[in-house]
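Chain by chain, the residues run as shown.
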Amino acid sequence: MYDYPYATDQDELCKYAGGYVLWGLLWTAILNLKFKGEIGRDRSLRLSFCVGVVAPFAASLYRMGYVSDTLTTPLFISYLIVDTLDMFLYPRGRGYKNTTINYFHHIMCGYVGLYADFKGNSLCKMDHNPFIDMLFAEVSTPFLQLWRKYPATPLGLVSQFCFIVLFLSVRVVYHGLYAVHDIITHCDDNTTTIGGWAYIGMNLVFIIGLTG
């Protein structure tokens, strides 16, 4: 389940790089689909919705032992790359007020994910890749995108409720009280401590932005 080391195992490194290419092409295709009546930000909402469905599902398969982190991590980090490029190239099509925090989220998660893939096994006394647990944070994302897309409708109100419940349950309770603490206590490295606290702080900023 913990496939290492990429740098010295050519087969694993090829699978790892191939995962980035294939997932990157898929996310790019989803981002560039065109539907009648769409506005600019609908592209990014659709991409985030799809990632919010696929990433937690893939993380669950990984934790159950059905897939490896060689195939799982590239799924999410390739999304971060594609979405960051889209934010940079088409900022006015986003319609978001919190672009800065989105950049921070993507860069931080990408760095931590790569760090966990190449350094985690030697630094963390865990039987799984600690970064994969962070993918469960995206379980609330589809409901956030539905809330943004249909804010004043019954679907939007139900999605808002589901988003708040899942966001608090996973990002605040599960990650804030268990997963991040577990990573910090089992990884002998300052990067994990800084990344863990940065992640918790980012979620607090998200909460303030939603309630402000």
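This is a predicted model, so every value here is computed, not measured. (Residues numbered from 1 in each chain as written. Predicted model: local features only at pLDDT ≥ 70, side-chain atom pairs only at ≥ 80, totals over all residues. Heavy atoms only, no water.)

**Student:** Any chance you could explain the packing of helix 3 (residues 69-89) against helix 4 (residues 99-123) here in plain terms?
**Tutor:** The description of two packed helices rests on the angle between their axes and on the distance between the axes. Taken N-terminus to C-terminus, the directions of helix 3 and helix 4 make an angle of 150°; their axes are 10 Å apart at the nearest point. The angle between helix 3 and helix 4 falls in the class roughly antiparallel. Judged by the sense of rotation from one axis to the other, the crossing of helix 3 with helix 4 is left-handed. Two secondary-structure elements touch here, helix 3 through Asp 69, Thr 73, Phe 76, Ile 77, Tyr 79, Leu 80, Asp 83, Thr 84, Met 87 and Phe 88 and helix 4 through Thr 99, Asn 102, Tyr 103, His 105, His 106, Cys 109, Gly 110, Gly 113, Leu 114 and Asp 117. Of the residues in the contact of helix 3 with helix 4, the class split is nine nonpolar, eight polar and three charged. (Axes fitted to C-alpha atoms, helices over the stretch in contact; angles between N-to-C directions. Helix = DSSP H or I, 4+ residues; strand = E, 2+ residues; numbered from the N terminus. Parallel < 35°, antiparallel > 145°, perpendicular 65-115°, else oblique. Left-handed = near helix turned anticlockwise from the far one by under 90°. Contact = heavy atoms within 4.5 Å. Nonpolar A, V, L, I, M, F, W, Y, C, P; charged D, E, K, R; others polar.)

**Student:** Looking at this structure, I do not really get the state of the cysteines. What am I missing?
**Tutor:** As used in these notes, a disulfide is a covalent bond between sulfur atoms, one from each of two cysteines. For the structure on display, the rule yields one disulfide. The side chain of Cys 124 participates in a disulfide bridge whose partner is Cys 187; the two sulfur atoms lie 2.0 Å from each other. Where Cys 124 bonds to Cys 187 through sulfur, the torsion about that S-S bond is close to 110°, and the disulfide is right-handed. Of this pair, Cys 124 sits in the loop between helix 4 and helix 5 (141-149) while Cys 187 sits in the loop between helix 6 (154-186) and helix 7 (190-211), placing them 63 residues apart in sequence. Summarising the burial analysis for this pair, Cys 124 and Cys 187 share the class buried. The structure places no disulfide on Cys 50, whose sulfur is separated from the nearest cysteine sulfur, that of Cys 162, by 18 Å. Of the residues examined, Cys 162 reaches a relative accessible area of 22% and is grouped as partly exposed. (Disulfide = S-S within 2.5 Å. Buried < 20%, exposed > 50% of the residue type's maximum accessible area, 1.4 Å probe, protein only.)

Remember that the coordinates give geometry; whether it matters functionally is a separate question.
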